[in-house]
Amino acid sequence: MPTYRAPVDEVMFLLRDVFHVERYNNLPGFAEASPDIVEAVLAEAAKFCEDVLTPLNRVGDKEGCRRHADGSVTTPPGFKDAYRKLVDGGWVGASAPTEFGGQGLPTVLTQAVREFLYSSNMAFAMYSSLALGAVAAIYNHGSAEQKARYLPKLISGEWAGTMNLTEPQCGTDLGQLRCRATPQPDGSYKVTGTKIFISAGEHDLTDNIIHLVLARIDGAPAGTKGISLFIVPKFLLTADGVPGERNAVSCGSIEEKMGIHGNATCAMNYDGATGWLTGEKHRGLYPMFTMMNTARLSVGVQGLAQSEVAYQNAVAYAKDRLAGRAPSGAKFPQKPADPIIVHPDVRRMLMTMRAFNEAARALVLWTALKGDIARRSTDAKEREAADDHMGLMTPVIKGVLTDQGFANTVAAQQIFGGHGYIAEHGMEQFVRDARITMIFEGANGIQALDLVGRKLPKDGGRALQAFFAEVSGYIKEADAAMAPYVKPLGKALGELREATLWFAQNAPGNPDNVGAGASDYMQLFGLVALGYMWCRIVDAAKANSATAGMDDKLVTGRFFMERMLPATATHLARIKAGAETTMALPADAF
Ligand SMILES: Cc1cc2nc3c(=O)[nH]c(=O)nc-3n(C[C@H](O)[C@H](O)[C@H](O)COP(=O)(O)OP(=O)(O)OC[C@H]3O[C@@H](n4cnc5c(N)ncnc54)[C@H](O)[C@@H]3O)c2cc1C
């Protein structure tokens, strides 16, 4: 049975020593989050995740969700009780706006809590994450009445939310969407169509489920320009705002799938269901993108979270499992064999996971902090710069953290040898659960295209130039003693600049060059961002050298620089090879 310890000390180190969160006390909600409050919040979240959610992870996987003949769905045993505790603890809307009942805590804190939730039980945690996506969409794009009706209950967790984009014929290409909305005399719409793969589409955890549904108003233009977003509650609200009559939306089936069995993935039938337009007519992708950006960052955190829990269990196993002797001579001669942690190849895998996890967590928290600045600062320039950072980093966090997060679950499984393939140890569940993170909320190939095709050129490359300026400024100012970290980072940054220039020169003549190199570019970008995080971590570790564990960070950071960052050269070479051999064969040659 796998175990999990939430990395509270790691998060505290990042918030306090790396990002100096106390410097942001001028932002609303930050002064209230003093270091002792932050530590108490993290400790409480850790306890809930370790004691309540971790034991339910296997139960959820084995039992899954069940759909009944009447279309209702029950979640795995224990989920309802745990969900009640999640709501009672105020965890759902901890960083949501106070005007609608949230606690307004900094996202940089609650994003760390999300990691704990996802490590301990990703399928369970997804139920509340989707509500937060719905909150973001309604808060930013809904009418005053919609905010008043829906936000308080979504924020408290009493009601859940969903996002309904995907249809049988389209997921990525939403221009093909067929679900339709017919205007009614009272200003509402009748929504008709089928949505598939809807996470948490139906369940027994909450009194109501607020579906956010993309549909095309009768007569709307074809393509993505004719899509609108609708609020479709499972139970229509009475005049008093409480759930009343059942709406014409139901779960037709739940998918049998590879992982996250505890989360109900539903085919949803909308049979003239009553819905209300939110945001502007035919411009539904804007509010949906607000929701998706929240969700994409959250999915990146899922990748990190699965990597972290898999790593922790792999470490425990590697210390316990005896096999062979260390190449440099027996380390535990009194035992029949050495524990496998002595083997360099096992260490290679453990160090790769560790070096990734620590820097990825820093990247997530750095970006969450930018999110707080973007939403809470009174300085328009500061807000703009922070928003640029969020836009640029969202596809990187989603794509790179889930690709590497999944690879790490496989490496952790590998450390278990044959036992990793056996369900009892729980390692194969981490692999199965992590796999979806590379697919949903936009497959990772689409994240890469978003980065290269949209985020790089946006506003004349303003966000990218700001990132380059920050990293190169840091390198220039760095102390000579930082050379083992800064020199490789400088080389990697040079390669990233070269790749960017190559696209600028070679994309206009052949757009396939972008598509063929985008995934490599995203990985290259991610490595540079993680490398920069390692420099910041090492700086902080040196400044706190008397604290236990700081020397380990210097070593882990060097491992990253020497063993992981050099992959940037390979990515650059692939990008510069262009699309020629990738695209040369005609489709019928395959
Ligand atoms: C467990 C689970 C939960 C989900 N939850 C939700 C949910 O809550 N709400 C919801 O709306 N959806 C949900 N989805 C759907 C998910 O977001 C989509 O499956 C995903 O976005 C990919 O869409 P698709 O399956 O239609 O694949 P396609 O769009 O058919 O893509 C197939 C492949 O082609 C590639 N591709 C497609 N177009 C291009 C292009 N233009 N350029 C380059 N490559 C391209 C993709 O990267 C992908 O690798 C869920 C799916 C699963 C499996």
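Keep in mind it's a predicted model, so treat the numbers as computed, not measured.

### So, helix H9 (residues 427–435)
Phase 1 of the analysis: For H9, the tally of buried residues reaches eight of nine residues, placing the bulk of the element in the interior.
Phase 2 of the analysis: Among the residues of H9, those classed as buried are Met427, Glu428, Gln429, Phe430, Val431, Arg432, Asp433 and Ala434.

### Structural notes on the pattern of salt bridges
Phase 1 of the analysis: Taken as a whole and judged by the stated rule, the model has 33 salt bridges.
Phase 2 of the analysis: A salt bridge links Asp61 to Arg432, with the nearest nitrogen and oxygen atoms 2.7 Å apart. One end of the pair, Asp61, is in helix H2 (residues 35–63); the other, Arg432, is in helix H9, and 371 residues separate them in sequence.
Phase 3 of the analysis: On the basis of relative accessibility, which here comes to 11%, the residue Asp61 falls in the buried class.
Phase 4 of the analysis: Arg432 gets classed as buried once you look at its relative accessible area, which sits at 16%.
Phase 5 of the analysis: For the salt bridge of Arg462 with Asp459, the shortest nitrogen-to-oxygen distance reads 3.4 Å. Note that Arg462 and Asp459 are positioned in helix H11 (residues 458–477) at a spacing of three residues, about one turn of the helix.
Phase 6 of the analysis: Here the salt bridges do not stand alone but share partners, grouping Lys381, Glu384, Asp388, Lys458, Asp459 and Arg462 into one network.

### So, unusual backbone geometry
Phase 1 of the analysis: Phi is positive for Phe197, close to 60°, though the residue is something other than glycine.
Phase 2 of the analysis: With respect to the helices and strands, the residue Phe197 is situated in strand S5 (residues 189–199).
Phase 3 of the analysis: What makes Phe197 partly exposed here is its relative accessible area of 48%.

### Observations concerning H2
Phase 1 of the analysis: The first and last C-alpha atoms of H2 sit 40 Å apart over 29 residues, in line with the 42 Å expected at 1.5 Å per residue.
Phase 2 of the analysis: Along its length, H2 shows its largest kink, about 40°, at Leu53, and proline Pro55 lies within four residues downstream of that point.
Phase 3 of the analysis: Note on H2: the residue one or two positions beyond its end, Gly64, has a positive phi of about 60°.

### Remarks on the site of the ligand
Phase 1 of the analysis: Taken together, 20 residues lie near the ligand, and Met163, Leu165, Thr166, Thr172 and Phe197 sit nearest.
Phase 2 of the analysis: Between Leu165 and the ligand, the recorded distance is 2.8 Å, taken from a backbone N or O atom to an oxygen atom.
Phase 3 of the analysis: When the free accessible area of the ligand is taken as 970 Å², the share hidden by the protein chains comes to 61%.
Phase 4 of the analysis: Elements supplying a minimum of two residues to the shell around the ligand: strand S3 (159–164), S5 and helix H10 (444–455).

### Focus on the pairing of strand S11 (residues 265–278)
Phase 1 of the analysis: Counting buried positions along S11 gives 10 out of 14 residues, so the element sits mostly inside the fold.
Phase 2 of the analysis: In this structure, S5 lies alongside S11, joined through nine bridges in antiparallel fashion. When the bridges of S11 are listed, Ser199 appears paired with Thr265.
Phase 3 of the analysis: Pairing between strand S7 (residues 227–233) and S11: three bridges, direction antiparallel. Within the sheet, the bridge partner assigned to Ile231 lies in S11 and is Trp276.
Phase 4 of the analysis: As judged from the five bridges shared by strand S10 (residues 249–254) and S11, these two strands associate in the antiparallel manner. Along S11, the bridge assignment pairs Ser250 with Asn269.

### A short note on the packing of aromatic side chains
Phase 1 of the analysis: Evaluated as defined, the whole model comprises 12 aromatic pairs.
Phase 2 of the analysis: Aromatic side chains Phe79 and Phe124 sit 5.4 Å apart centroid to centroid with 85° between the ring planes, which places their arrangement in the edge-to-face category. Within this pair, whereas Phe79 is found in helix H3 (residues 79–88), its partner Phe124 is found in helix H4 (residues 107–141), the two being separated by 45 residues in sequence.
Phase 3 of the analysis: For Phe79, a relative accessible area of 0% gives the class buried.
Phase 4 of the analysis: When the ring of Trp366 is compared with that of Tyr532, the centres are 5.6 Å apart and the planes differ by 65°; the resulting orientation is edge-to-face. Of the two residues, Trp366 is situated in helix H7 (residues 344–376) and Tyr532 in helix H13 (residues 512–543); the sequence distance between them amounts to 166 residues. Both residues of the pair, Trp366 and Tyr532, count as buried.
Phase 5 of the analysis: An aromatic cluster of three or more residues is present, and its members are Phe467, Trp502, Phe503, Tyr521 and Phe525.
Phase 6 of the analysis: For Lys147, the ring lying beneath its charged end belongs to Tyr139, and the centroid distance is 5.6 Å.

Rules behind the numbers
- Residues numbered from 1 in each chain as written.
- Predicted model: local features only at pLDDT ≥ 70, side-chain atom pairs only at ≥ 80, totals over all residues.
- Heavy atoms only, no water.
- Buried < 20%, exposed > 50% of the residue type's maximum accessible area, 1.4 Å probe, protein only.
- Helix = DSSP H or I, 4+ residues; strand = E, 2+ residues; numbered from the N terminus.
- Salt bridge = Lys/Arg side-chain N within 4 Å of Asp/Glu carboxyl O.
- Expected span 1.5 Å × (residues − 1).
- Bend = angle between axes of the 7 residues up to and from the residue.
- Near = heavy atom within 4 Å.
- Polar contact = N/O pair within 3.5 Å; in protein donor to acceptor, adjacent residues only side chain to side chain.
- Areas by Shrake-Rupley, 256 points an atom, 1.4 Å probe, with all protein chains shown as cover.
- Pairing = 2+ DSSP bridges.
- Phe/Tyr/Trp six-rings, centres within 6.5 Å; stacked < 30°, edge-to-face > 60°.
- Lys NZ or Arg CZ within 6 Å of the ring centre and 35° of its normal.

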